[in-house]
Amino acid sequence: MSEAPMLEVQDLVIRYRGRGLFAARPKPAVNGASFRLAKGETLGIVGESGSGKTSLLRAILRLLPVESGSVQLDGQDWLTLKRDALRRARQKLGVVSQNPFLSLSPRLTIAEILAEPLLAQGQRSGPDMQKKIAGLLSDCGLPADFLQRRARELSGGQAQRVAIARALALEPGLMIFDEPTSALDVSVQAQILNLLADLKESRGLSMLFVTHNLKVVAHISDSLLVMRRGDVIEYGRTEEIVRAPAQEYTRELLSFGRGTEHPVIHKTALPT
Amino acid sequence: MTRLVQRLGWPGTIALVVILLLVLVAVLAPWVAPYPQQGVGVPNVAAKLSSPSAQYWLGTDHLGRDMLSRIIYGTRISLTNGVLIVAFSLLIGLPVGLAAGYFGGWIDEALMRGTDVFLAFPALLLAVLMAAALGPGFLNSIIAVSVTWWPWYARLARSEVLVLRNQPYVEAARLAGVSHGRIIIRHILPATGRPLTVQAALDVGPALLTAAALSFLGLGVLPPTADWGQMVDAGRKFFPARWWYSATPGLTIFIVALAFSVLGDALRERKGGTARASA
């Protein structure tokens with residue numbers, strides 16, 4: 001553990017502003033979250049809606065201001081970066097959000113969508129970029145003839161693969177997933193999770209995985225962080241938490257997702 | 001054709017046909033006008049103030065020029081007026097609205113309060129003041145009306161951007177490190193296109209009407225160029241004895257403004273756009 005972690009969050013507090021001048025200060029949306037994510041590892045952040053997991057994520061993405069605490073990304077103080085420095089540093093993060101149809105611009109072709117991050121970081125368009133884009137797409141399991149289509153012509157799973165390809169375009173060290181499978185149906189979910197597992201292995205990615213579905217993350221995460229009402233109530237290695245959850249709440253989360261006998265979906269059970 | 005009627009209804013379709021005819025007449029003026037020379041402004045004093053007849057369908061003006069030809073040539077001025085006013089207004093209003101909506105915060109406050117200053121005055125009054133300050137003339141009258149017009153586009157663009165800027169795909173571009181300028185131009189602007197073009201198309205009518213009002217007050221195009229508002233004004237001295245001089249261009253303005261208004265209503269009902277008071 002001598003190497004700097006990919007992401008280290010310390011005592012992060014996020015509080016939305018109260019309405020009106022004299023309104024009582026609201027309870028923090030995230031109340032002192034701390035965790036570290038080593039390179040090449042996957043952390044799952046789990047909680048119901050309203051637990052603060054999305055606020056935590058958006059703060060890490062610098063979409064929300066932070067009240068106190070610190071975030072170190074690859075040894076760099078992430079929260080103090082400003083404007084252009086922040087814009088350039090964003091290539092260290094790849095982000096995949098919940099609904100691919102909303103996160104892919106409806107007016108652009110897939111090729112244009114994938115070129116966007118490359119152009120934003122100053123790369124020149126041309127045959128090299130086209131080759132790179134086609135390579136990204138095939139890494140995510142889509143043939144090159146998808147390049148000229150638009151997002152609405154794709155299925156949910158295909159669109160999510162495009163979103164993953166876009167997130168990978170700048171070869172980020174850390175991939176962040178915000179409920180990447182909850183808008184997809186079950187069989188497609190499994191395919192996407194397998195794709196992520198493959199990418200993690202082939203590219204040595206660190207991943208941060210936010211979801212309300214503990215079972216989805218349990219099988220790809222090395223460690224888990226369980227949130228409830230802004231507090232981190234459990235944080236540790238996945239096997240330990242799944243085997244012996246310390247909190248009643250975690251047990252409840254584990255028992256969600258009816259229809260399977262096993263609390264954890266085993267990787268071998270997934271269709272490939 | 002039947003599909004068009006279905007979508008716009010009969011009044012809307014008729015209005016659309018009237019407007020298309022108008023555009024056609026404007027483009028083909030030298031061929032459509034019975035006396036193109038007089039339409040441009042060459043006097044024909046021998047026939048001055050003749051009443052409508054087989055030779056001069058709508059009569060002649062105080063310089064003996066055929067009213068029909070004058071009105072046909074006036075179509076060109078009126079339509080370019082309308083289109084240019086809307087174009088100028090978009091040119092100013094769109095960037096202001098985009099910037100205000102996208103950046104928010106104090107930039108939004110500053111830009112929108114500046115916009116409110118222009119909205120605080122009655123539109124026509126402000127246009128007249130501007131035109132009086134700038135002096136009469138084709139371009140000046142267009143600038144004068146545009147000054148009262150652009151705040152509407154700024155507000156419309158801003159309200160569109162407020163919705164769009166939180167779209168996940170805009171956020172995704174931001175997270176990929178795309179610059180603000182590029183996000184606005186490539187990801188936001190194309191999506192504001194449709195509501196803005198509908199509004200802009202509808203505004204050509206009222207804009208043209210305002211320009212006609214200015215030229216009626218002598219603040220628009222200068223003679224001998226034919227312009228409807230200016231013709232109504234010139235005919236006032238001969239009213240009611242030579243009623244056709246004022247009445248025919250006035251009626252034309254009425255028909256054209258009505259056509260735009262009816263088409264606007266038809267489109268608005270179909271598109272569910274925003275209602276707004278016109279000047």
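In the annotation of an unreviewed UniProt entry, chain B is listed under the name D-ala-D-ala transporter subunit and assigned to Pseudaminobacter soli. Under the heading Subcellular location (unreviewed entry), UniProt records this for chain B: "Cell membrane". Per UniProt, the comment on chain B under Sequence similarities (unreviewed entry) is "Belongs to the binding-protein-dependent transport system permease family."

In the nomenclature of an unreviewed UniProt entry, chain A is known as ABC transporter ATP-binding protein of Pseudaminobacter soli. Under Sequence similarities (unreviewed entry), UniProt gives the following word-for-word description of chain A: "Belongs to the ABC transporter superfamily."

### Some thoughts on the pattern of salt bridges
A full pass over the atoms with the stated rule returns 18 salt bridges over all chains. For the salt bridge of arginine 36 of chain A with glutamate 8 of chain A, the shortest nitrogen-to-oxygen distance reads 3.1 Å. One end of the pair, arginine 36 of chain A, is in strand 2 (residues 30-37); the other, glutamate 8 of chain A, is in strand 1 (residues 7-14), and 28 residues separate them in sequence. Between lysine 53 of chain A and glutamate 179 of chain A there is a salt bridge whose closest N-O contact spans 3.8 Å. Of the two residues, lysine 53 of chain A sits in helix 1 (residues 53-60) while glutamate 179 of chain A sits in the loop between strand 7 (174-178) and helix 7 (186-203), which places them 126 residues apart along the sequence. For glutamate 179 of chain A, a relative accessible area of 9% puts it in the buried group. Several salt bridges share partner residues, and in doing so they unite Glu112 and Glu116 of chain A together with Arg182 and Arg186 of chain B into one network.

### A few points about the sheet that holds strand 10 (residues 231-237) of chain A
All names here are of chain A. With mixed pairing, six strands are arranged side by side in an open sheet as 6-7-8-3-9-10. The sheet terminates laterally at strand 6 (93-96) and strand 10, the two strands that pair on one side only. Each strand of the sheet is rotated relative to its neighbour by a mean of 15 degrees, with strand direction disregarded. As defined by bridge partners, strand 9 (residues 223-228) adjoins strand 10 across six bridges and the pair is classed as antiparallel.

### Topic: the packing of aromatic side chains
Taken as a whole and assessed by the stated rule, the structure comprises five aromatic pairs over all chains. Judged by centre distance (5.5 Å) and plane angle (35 degrees), the rings of phenylalanine 177 of chain A and phenylalanine 209 of chain A are tilted. Here phenylalanine 177 of chain A is found in strand 7, whereas its partner phenylalanine 209 of chain A is found in strand 8 (residues 206-211), with 32 residues between them in sequence. Neither phenylalanine 177 of chain A nor phenylalanine 209 of chain A differs from the other in exposure class; each is buried. On the basis of an interplanar angle of 65 degrees and a centroid distance of 5.2 Å, the ring pair of phenylalanine 118 of chain B and tryptophan 150 of chain B is categorised as edge-to-face. Placement of phenylalanine 118 of chain B in helix 5 (residues 105-120) and of tryptophan 150 of chain B in helix 7 (residues 138-164) is noted, with a sequence separation of 32 residues between them. Taking the relative accessible area as the measure of exposure, phenylalanine 118 of chain B reaches 31% and is therefore partly exposed. Owing to a relative accessible area of 9%, tryptophan 150 of chain B belongs among the buried residues under this scheme. Of note, arginine 149 of chain A hangs over the ring of phenylalanine 146 of chain A, and the distance from its end group to the ring centre comes to 4.3 Å.

Conventions used here
Residues numbered from 1 in each chain as written. Chains lettered and ligands numbered in written order. Predicted model: local features only at pLDDT ≥ 70, side-chain atom pairs only at ≥ 80, totals over all residues. Heavy atoms only, no water. UniProt positions renumbered as here; feature names shortened; annotations may be inferred. Salt bridge = Lys/Arg side-chain N within 4 Å of Asp/Glu carboxyl O. Helix = DSSP H or I, 4+ residues; strand = E, 2+ residues; numbered from the N terminus. Buried < 20%, exposed > 50% of the residue type's maximum accessible area, 1.4 Å probe, protein only. Pairing = 2+ DSSP bridges. Axes fitted to C-alpha atoms, helices over the stretch in contact; angles between N-to-C directions. Phe/Tyr/Trp six-rings, centres within 6.5 Å; stacked < 30°, edge-to-face > 60°. Lys NZ or Arg CZ within 6 Å of the ring centre and 35° of its normal.

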